[in-house]
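# Report on the structure
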Amino acid sequence: MAQENDGNEVSAKFSTLNVNAVEFIPSFCTSSSSAPAATAAAGAAETGDGSPTTAANPAPTVAPTSTTSSAGSSSGGGGGVGGGGATTPTSTAATPTPPSSSAPTPMEKDDDAVKTPENNESEPLDSWDAEEDSILTPEDEEMELDDGEVDGDAATKASKKKLPMVEESRSKKEHVNVVFIGHVDAGKSTIGGQIMSLTGMVDKRTLEKYEREAREKSRESWYLSWALDTNQEERDKGKTVEVGRAYFETEKKHFTILDAPGHKSFVPNMIGGAAQADLAVLVISARKGEFETGFDRGGQTREHAMLAKTAGVKHLVVLVNKMDDPTVNWDVERYNECKDKILPYLKKLGFNPLKDLTFMPVSGITGQGLREPIDASICPWYQGTAFIPFIDELPSLNRKFDGPFIMPIVDKYKDMGTVLMGKVESGVAKKGTNLLVMPNRTQVCVDQLLSDDEEVTSVGPGENVKIKVKGIEEEDVSPGFVLCDASNPIKTGKVFDAQVVILEHKSIICAGYSAVMHIHCAAEEITVKALICLVDKKTGDKSKTRPRFVKQDQVAIMRIECSGLICLEQFKLFPQMGRFTLRDENKTIAIGKVLKVVE
């Protein structure tokens, strides 16, 4: 058990979450220096690991003119599927041999300068890095590839070798998954639609069509949310049900928007969205009465913030929306009132206001404060950065490129084969790779890779992807299954030991109690098989005797049995696959982490 936060007064209910903040959520990473010497050494160590280019076409080594390593780049760095496959260079360009040479020499890809400090095992699996390295854009990639002219056979061979790199240039930017959470009607879908409009991801004609249709239904203010709520039922009711998915790009990063439903009936869907996110955006409404409804007991603001924290989200941005509303009119007092009410609760959850918490006033319907700073004539008291530039400047994430490939499956559908959707948590997959679908142990072959609807030849950690596979039928796959490395598959089990924090439960919990467990993208019915011991929140000491029951605000280690076989991993080995939430009667009653897979 980690020590308590220094001097912070915490409520009894969430104290353990605070105590265990470091254990439950990987902490911020200290700055990692990327010294050129280290890169060179790593390159030297990797020489001769048998890349396909050198093996197939033995030719004299050519010095690269430029090599750029990108820290959070989705396809740069890292080994193949098992961590030992062919490495993918982030960017290379080679110069032809001088004219004095007797014959033109084929150009060669430089596979040496691939290992980056991010691959270091000592780094946390998934924390915001303190530094942000330069990200190479596709335009830079093409400019570098065009350096130097070669004629004859050499040019043909060179272009053949460059081809996959041009295809993969789509994934050169760092991928960040942003989940929009908050109470129903706070404006999550509207803000998402407005961001897509401002970044040019939805054309003007489509938005005009949505606006016309919305006006016909007397729902003028809903048209922006229709960019994310594509289902007719969602549009008619103005409620998001499924997690909406879209993406937008900035010069540095590629963002995937996950628009979570705000209604309490659809919290299980929201948990699935939060499990894929790196960054959470909590939207609260500044309109009189609406903020209070969302934040008071029964509202979803509290539960969503807590679920985002337990899902492993590293940074929380709180957008105080509807500041343009006539009842608010960009009033600084109302903004501060909302901020002051919610801040103590977020601190208790373990968010640090100095490092991983940011407040911003915005208007989703007008777009004020999203892309451009708010006009001083409207809001003279806020001088901060706008939302999109702010998330673009956040430090890069450390991704696990060199581990075995792991992708929990969020959804699946049929399209000339079986297409599996999800976020890659670890490792790299390429076209033609053989993978396993667990827990079925069905071997599949990768037929096509789509990263946010763009076809690519390889995908890496952090990317939200669709993978078309051969060898399995769509009906044989369920959300919660995991696509993983064939040589190093993920653990599966039915019985495991876990440390559980009881957050809110009126009666006692004893052996035989059943609830629904949400772990990564899977939802499974579980039964408490046995209570092993109680854990003291302050000291971390375990009780000598077995408790007969546990109640609210207690921490216990218990043996849990699932109704079916599920994919999971020890929390300390792989946090994303080892943290879970227990829900009962439409409420989140406990959070926990897997200590040991028993059988």
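Remember, it's a predicted structure, so these values are computed and weren't measured experimentally. (Residues numbered from 1 in each chain as written. Predicted model: local features only at pLDDT ≥ 70, side-chain atom pairs only at ≥ 80, totals over all residues. Heavy atoms only, no water.)

### Some points on the overall build of the protein
A tally of regular secondary structure across the protein gives 14 helices and 23 strands. With 599 residues in all, the protein has 55% of them scored as buried. Sequence separation of at least 24 residues holds for 75% of the intrachain contacts in the protein that already meet a minimum separation of 6. Of the accessible surface of the protein, which amounts to about 25300 Å², a share of 49% is contributed by carbon and sulfur atoms. (Helix = DSSP H or I, 4+ residues; strand = E, 2+ residues; numbered from the N terminus. Buried < 20%, exposed > 50% of the residue type's maximum accessible area, 1.4 Å probe, protein only. Contact = heavy atoms within 4.5 Å. Areas by Shrake-Rupley, 256 points an atom, 1.4 Å probe, with all protein chains shown as cover.)

### Points about the pattern of salt bridges
In total, this model carries 18 salt bridges according to the counting rule given. A salt bridge links E292 to K341; the shortest N-O distance between them is 3.6 Å. Of the two residues, E292 is situated in helix 11 (residues 290-295) and K341 in helix 13 (residues 332-349); the sequence distance between them amounts to 49 residues. K414 serves as the salt-bridge partner of E473, at 3.9 Å between the closest nitrogen and oxygen. Taken as a pair, E473 in the loop between strand 16 (464-470) and strand 17 (482-485) and K414 in strand 9 (residues 406-414) lie far apart in primary sequence, 59 residues in all. For E473, a relative accessible area of 41% translates into the label partly exposed. Note on K414: relative accessible area 52%, which makes it exposed. Bridged by salt links that share partners, the residues R287, E290, K322 and D325 form one connected network. (Salt bridge = Lys/Arg side-chain N within 4 Å of Asp/Glu carboxyl O.)

### Some points on the sheet that holds strand 6 (residues 279-285)
Strand order in the open sheet made by the six strands is 4-5-3-6-7-8, with mixed pairing throughout. Strands at the two margins of the open sheet, each flanked by one partner only, are strand 4 (244-249) and strand 8 (357-361). Strand-to-strand twist of the sheet, defined as the mean angle between neighbouring strand axes without regard to direction, takes the value 25°. Against the sheet, helix 12 (residues 300-310) contacts strand 3 (174-181) and strand 6, and its axis sits at roughly 170° relative to strand 6. Sitting on the sheet, helix 13 touches strand 6, strand 7 (315-321) and strand 8, and the angle it makes with strand 8 is about 160°. (Pairing = 2+ DSSP bridges. Axes fitted to C-alpha atoms, helices over the stretch in contact; angles between N-to-C directions.)

### Some thoughts on the sheet that holds strand 21 (residues 555-567)
Spatial strand order, 18-21-20-19-22-23: six strands in a closed barrel with antiparallel pairing. Between one strand and the next, the sheet's axes are offset by a mean angle of 45°, whatever the strand orientation. The pairing of strand 18 (residues 492-502) with strand 23 (residues 587-597) spans seven bridges and is classified as antiparallel. Bridge pairing in strand 23 places Q499 opposite K593. Here helix 12 sits on the sheet in contact with strand 22 (579-584) and strand 23, set at roughly 5° to strand 23.

### Notes on the pairing of strand 6
Within strand 6, seven of the seven residues are buried, leaving the element largely enclosed by the surrounding structure. Neither face of strand 6 is left uncovered, since the one carrying L279, V281, V283 and S285 and the one carrying A280, L282 and I284 both have all their residues buried. Note: strand 3 against strand 6, four bridges, orientation parallel. Residue pairing in the sheet places V178 in a bridge with L279 of strand 6.

### Here's the deal with the pairing of strand 21
Sheet topology note: the strand 18/strand 21 ladder contains nine bridges and is antiparallel. Of the residues in strand 21, the one forming a bridge with A498 is M558. Examined bridge by bridge, strand 20 (residues 522-535) and strand 21 share eight bridges and lie antiparallel to one another. Looking at strand 21, one finds that T527 is bridged to E561.

### Quick word on the environment of M323
Tracing the chain through its elements places M323 in the loop between strand 7 and helix 13. The sequence separation of M323 and R334 amounts to 11 residues, and the corresponding C-alpha distance is 8.9 Å. When sequence neighbours within four positions are dropped, the list of residues in contact with M323 reads A286, V328, N329, W330, D331, Y335, P361, V362 and W381.

### Regarding unusual backbone geometry
In this chain, M438 is followed by P439 through a cis amide linkage whose omega measures 5°. When you line up the elements, P439 lands in the loop between strand 12 (434-438) and strand 13 (442-451). Backbone geometry at H520 places phi at a positive 40°, although glycine is not the residue there. Structurally, H520 can be placed in the loop between strand 19 (514-519) and strand 20. Phi is positive for E585, which is not a glycine, with a value near 50°. Along the polypeptide, E585 turns up in the loop between strand 22 and strand 23.

### Remarks on helix 13
The terminal C-alpha atoms of helix 13, which comprises 18 residues, lie 26 Å apart, in line with the 26 Å expected from a rise of 1.5 Å per residue. For helix 13, the principal kink sits at L343 and spans about 30°; a proline, P344, occurs within the next four residues. Inspection of helix 13 places R334, Y335, C338, I342, L343, Y345, L346 and L349 among the buried residues, and these make up the whole buried set. In the stretch just after helix 13, G350 is the one whose phi turns positive, near 110°. (Expected span 1.5 Å × (residues − 1). Bend = angle between axes of the 7 residues up to and from the residue.)

### What about the confidence of the model for the protein?
For the protein, the average pLDDT comes to 74, and 68% of its residues sit at 70 or higher. Contacts for the low-pLDDT stretch residues 1-170, under 50 throughout, to residues beyond four places or in other chains number 326 contacts. (pLDDT = per-residue confidence, 0-100.)

### With respect to the packing of aromatic side chains
Within this structure, the stated rule accounts for seven aromatic pairs. A centroid spacing of 6.1 Å and a plane angle of 80° characterise the contact between F295 and Y345, whose relative ring orientation is edge-to-face. Remark: Y345 occurs in helix 13 and F295 occurs in helix 11; sequence separation between them is 50 residues. Assigned by exposure class, F295 and Y345 land together as buried. Members of the aromatic cluster, connected to one another through ring pairs, are F291, F295 and Y345. A cation over a ring is seen here: R302 above F295, with NZ or CZ 4.3 Å from the ring centre. In this structure, R302 is placed above the aromatic ring of Y345, and the distance from its NZ or CZ to the ring centre is 5.1 Å. (Phe/Tyr/Trp six-rings, centres within 6.5 Å; stacked < 30°, edge-to-face > 60°. Lys NZ or Arg CZ within 6 Å of the ring centre and 35° of its normal.)

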